[in-house]
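Letter by letter, the chains look like this.
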Amino acid sequence: MSERPIIESVHNPRIKQAARLRDAKSRRKLNRFLIDGWREIELAVQFGVELETIFFSSDTTHPSLAVAGARRGFELQLQPVTAKVLERISYGQRQDTPVAVAVTPKFELQYVPWRPPQILLVLDRTEKPGNLGACLRTAAAAGVSAVVLTDPVCEPCNPNTIRASRGSLFSVPLAVTTCAEFQAYCRLHSIPCFTARVDASTDLWRQDFTAGAALVFGSEAQGLGVDWQGDALRSFSIPMQGAPDSLNLSNSAAISLYEAVRQNRCSQ
């Protein structure tokens, strides 16, 4: 791990390349993304995300990261920059928040752990990074086994997702796949699959999650499509009173996950 001379110019090639990672197309092309904030950076290192560089204000230090990269087996550069440079690359143009360049992890389904009665959270065609981040944060708090994104519209390494997840993106096993591939995975491993639908005839409290479950939620705008219908899938609704006809995605996921976890714990 090394620390280099202070970068003072926003036109420095390394700074310009880091700034480009605010764009989704550049993130996909370079297979890199940005992490803002010491807490989020520390969680990324703790859970094995490979970091290349941490840009931080030359007025601050953070000794706890001095050997973190070496312990994880990758070379991590600590790069001091001026407040103006940090403002150029940080989320929200902040001058006091460090920014790390990280290698995008492989979010592959084969890495998803499953052993009954574990719980999986499945988000289909999720559109809003903030909602995705909130769901990841809830999943981490509830202690789910993994989160699976099927045909997502927004990417998991979107800065809004990372920010909303409070770093939980790095602490929960995550896979990105298609609806068809995940359903095949469920059949292969005999995973009970429950789909959340506003018009389902059976409510959440009447479902049995004690054998483990994959809880599936659709997009904010469209819900779950016809791809998530079939005899092997059990649907449920969350009882509601009053005017609302649906709940926010992250709220729906939180209510359902904690009910599934509650049943798991009571059955042991």
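Here, the structure is the one placed above.
Everything quoted here is computed from the prediction, not taken from an experiment.

Quick question: what am I supposed to make of the layout of surface pockets here?
Taken as a whole, the largest pocket spans an internal volume of roughly 430 Å³. Lining the largest pocket are 20 residues, and of these Ala-196, Val-198, Ser-246, Leu-247 and Ser-252 sit closest to its centre. Residues belonging to the lining of the largest pocket are distributed by class as follows: 10 nonpolar, eight polar and two charged. Approximately 250 Å³ is the volume found for the second largest pocket.

Please explain a nonpolar patch on the surface as it appears in this structure.
There is a patch of nonpolar side chains on the surface, built from Val-198, Trp-205, Met-240, Leu-247 and Ile-255 and spanning about 450 Å² of accessible area. Structurally, the position occupied by Leu-247 is in the loop between strand S11 (233-236) and helix H10 (249-267).

What should I look at first to understand the packing of helix H6 (residues 129-142) against H10 in this one?
Pairs of packed helices are described in terms of their axes, by the angle between the two and the distance that separates them. Orientation of H6 relative to H10, taken along the N-to-C sense of each, is 15°, at an axis distance of 9 Å. Between H6 and H10, the interaxial angle falls into the category roughly parallel. Between H6 and H10 lies a crossing whose hand is right-handed. Only Leu-249, Ser-250, Ala-253, Ala-254, Leu-257, Tyr-258 and Val-261 of H10 make contact with H6, whose side of the interface consists of Asn-131, Ala-134, Cys-135, Thr-138, Ala-139, Ala-141 and Ala-142. A breakdown of the residues in the contact of H6 with H10 according to their chemical character gives 11 nonpolar, three polar and no charged.

Explain the nonpolar core here, please?
Soluble globular proteins tend to bury their nonpolar side chains together. If you look at the biggest cluster of nonpolar residues, it comprises 48 residues, and the most contacted ones within it are Ile-35, Leu-51, Leu-121, Leu-123, Val-147, Phe-170 and Phe-217. Residue contacts for Leu-123: discarding those within four places in its chain leaves Leu-132, Cys-135, Val-147, Val-148, Leu-149, Thr-150, Phe-217 and Leu-249. Counting residues in hydrophobic clusters, the runner-up holds 19 residues, among them Leu-120, Ile-191, Ala-214 and Leu-233.

Can you help me understand the sheet that holds strand S8 (residues 174-177) in this one?
Whenever strands of a sheet pair, they do so through backbone hydrogen bonds, lying parallel or antiparallel. Across the sheet, which stays open at both edges, the six strands sit in the order S8-S7-S6-S10-S9-S11 with parallel pairing between neighbours. Strands with a single pairing partner mark the edges of an open sheet, and in this sheet they are S8 and S11. Between one strand axis and the next, the sheet turns by 25° as a mean value, whatever way the strands run. In this structure, strand S6 (residues 119-124) lies alongside strand S7 (residues 146-150), joined through five bridges in parallel fashion. Note that in S7 the partner of Leu-120 across the bridge is Ala-146.

Conventions adopted
- Residues numbered from 1 in each chain as written.
- Predicted model: local features only at pLDDT ≥ 70, side-chain atom pairs only at ≥ 80, totals over all residues.
- Heavy atoms only, no water.
- 1 Å grid on protein atoms, 1.4 Å probe; cavity = no way out; pocket = protein on both sides within 12 Å on 5 of 7 lines; lining within 4 Å.
- Points joined across faces, edges and corners; volume = space filled by probe spheres on them.
- Nonpolar A, V, L, I, M, F, W, Y, C, P; charged D, E, K, R; others polar.
- Patch = residues over 30% accessible without salt bridge, like charges linked within 9 Å, V, L, I, M, F, W, Y side chains within 5 Å.
- Areas by Shrake-Rupley, 256 points an atom, 1.4 Å probe, with all protein chains shown as cover.
- Salt bridge = Lys/Arg side-chain N within 4 Å of Asp/Glu carboxyl O.
- Helix = DSSP H or I, 4+ residues; strand = E, 2+ residues; numbered from the N terminus.
- Axes fitted to C-alpha atoms, helices over the stretch in contact; angles between N-to-C directions.
- Parallel < 35°, antiparallel > 145°, perpendicular 65-115°, else oblique.
- Left-handed = near helix turned anticlockwise from the far one by under 90°.
- Contact = heavy atoms within 4.5 Å.
- Core = buried A, V, L, I, M, F, W, Y, C linked by side-chain atoms within 4.5 Å.
- Buried < 20%, exposed > 50% of the residue type's maximum accessible area, 1.4 Å probe, protein only.
- Pairing = 2+ DSSP bridges.

Geometry only, nothing functional implied.
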